[in-house]
Amino acid sequence: IAPSIATVSSDGLVTAIAPGTTQIAINGNFMVPVTVNQPVTIVPTAATLAPSDRRIFTGRVLADPNTGVVWSLVPAGAGSIDPSSGIYTAPASISSPVTATLTATNASDSTQSASATITLVPAGTVSLTPTSATVAGNQTQQFYASVIDNPSASLTWGISPNLGSISTRGLY
């Protein structure tokens, strides 16, 4: 057993220490898997947002669904979180990309928490997937792009240097 994840008393009582997976050996040869879950969850765990975008985050205390969470956000000025609804609102103005951390902490035990990463990007930022590719002769690669704060915006594809061709839908 990994004592950093769980411990076992001489009478077989397992005590969770930290999230992770380990095994308990019984009489040295029978192995029983043990998984210790994160005591607090947050969904989603990541989001990329533009100015004034909103996203609902859900924080839960797994051991007691009736226990609430306390929200915190760093750095200061990286938007706001409504403590009762979990609705996060990005700042109205974002001049350069910022990474913020939103944390949900168990209201009854401040040692238990989970965090989400929020990436804030300026208006008009284009998201591209994949960001790079290697293709051999006569192979194709599909690229996808959208404007983060306006997914229906029209984009024009191009290649530089001009090696091959790309369709109006991003197929290279």
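Before reading further, recall that the structure is shown in the block above.
Residues numbered from 1 in each chain as written. Predicted model: local features only at pLDDT ≥ 70, side-chain atom pairs only at ≥ 80, totals over all residues. Heavy atoms only, no water.

Draft legend 1. Inspection of the overall build of the chain at higher detail. A count of helices and strands for the chain gives 0 helices and 15 strands. The globule rule puts the C-alpha radius of gyration for 172 residues at 16 Å, and the 23 Å found for the chain is more than 25% above it. With the C-alpha coordinates of the chain rotated into their principal frame, the extents come out at 70 × 45 × 20 Å. Across the 172 residues of the chain, 23% fall into the buried class. Of all intrachain contacts in the chain linking residues separated by at least 6 positions in sequence, the fraction that spans at least 24 positions is 43%. (Helix = DSSP H or I, 4+ residues; strand = E, 2+ residues; numbered from the N terminus. Rg over C-alpha atoms; globule rule 2.2 N^0.38 Å. Buried < 20%, exposed > 50% of the residue type's maximum accessible area, 1.4 Å probe, protein only. Contact = heavy atoms within 4.5 Å.)

Draft legend 2. Region of interest: the nonpolar core. Of all hydrophobic cores here, the largest spans 21 residues; its most connected members are Ile 42, Phe 57, Trp 71, Tyr 88, Leu 102, Ile 118 and Leu 120. Within the residue set of this core, elements represented by two or more residues are strand 5 (40-43), strand 6 (46-49), strand 9 (69-74), strand 12 (98-106) and strand 13 (113-120). Judged by nonpolar contacts, the second largest core, of 5 residues, contains Ile 5, Ala 6, Ile 24 and Val 36. (Core = buried A, V, L, I, M, F, W, Y, C linked by side-chain atoms within 4.5 Å.)

Draft legend 3. Up close: the sheet that holds strand 6. Reading across the sheet, the 4 strands line up as 6-13-12-9 and stay open at both edges, with mixed pairing between neighbours. The sheet terminates laterally at strand 6 and strand 9, the two strands that pair on one side only. Neighbour to neighbour, the strand axes of the sheet diverge by 20 degrees on average, direction disregarded. Where strand 12 and strand 13 come together, 8 bridges link them in antiparallel fashion. Across the sheet, residue Val 98 finds its bridge partner in strand 13, namely Leu 120. (Pairing = 2+ DSSP bridges. Axes fitted to C-alpha atoms, helices over the stretch in contact; angles between N-to-C directions.)

Draft legend 4. Region of the structure containing the packing of aromatic side chains. Counted under the stated rule, the structure contains 1 aromatic pair. Ring geometry for Phe 57 versus Tyr 88: centroids 6.3 Å apart, planes at 90 degrees, classification edge-to-face. Remark: Tyr 88 occurs in strand 11 (residues 87-89) and Phe 57 occurs in the loop between strand 7 (54-56) and strand 8 (58-61); sequence separation between them is 31 residues. (Phe/Tyr/Trp six-rings, centres within 6.5 Å; stacked < 30°, edge-to-face > 60°.)

Draft legend 5. Broad picture of the environment of Thr 15. Structurally, the position occupied by Thr 15 is in strand 2 (residues 14-16). The exposure class assigned to Thr 15 is partly exposed, which follows from its relative accessible area of 37%. In this structure, the C-alpha to C-alpha distance between Thr 15 and Thr 41, residues 26 residues apart in sequence, is 20 Å. Those residues in contact with Thr 15 that sit more than four places away from it in its chain are Ile 5, Ala 6 and Thr 7.

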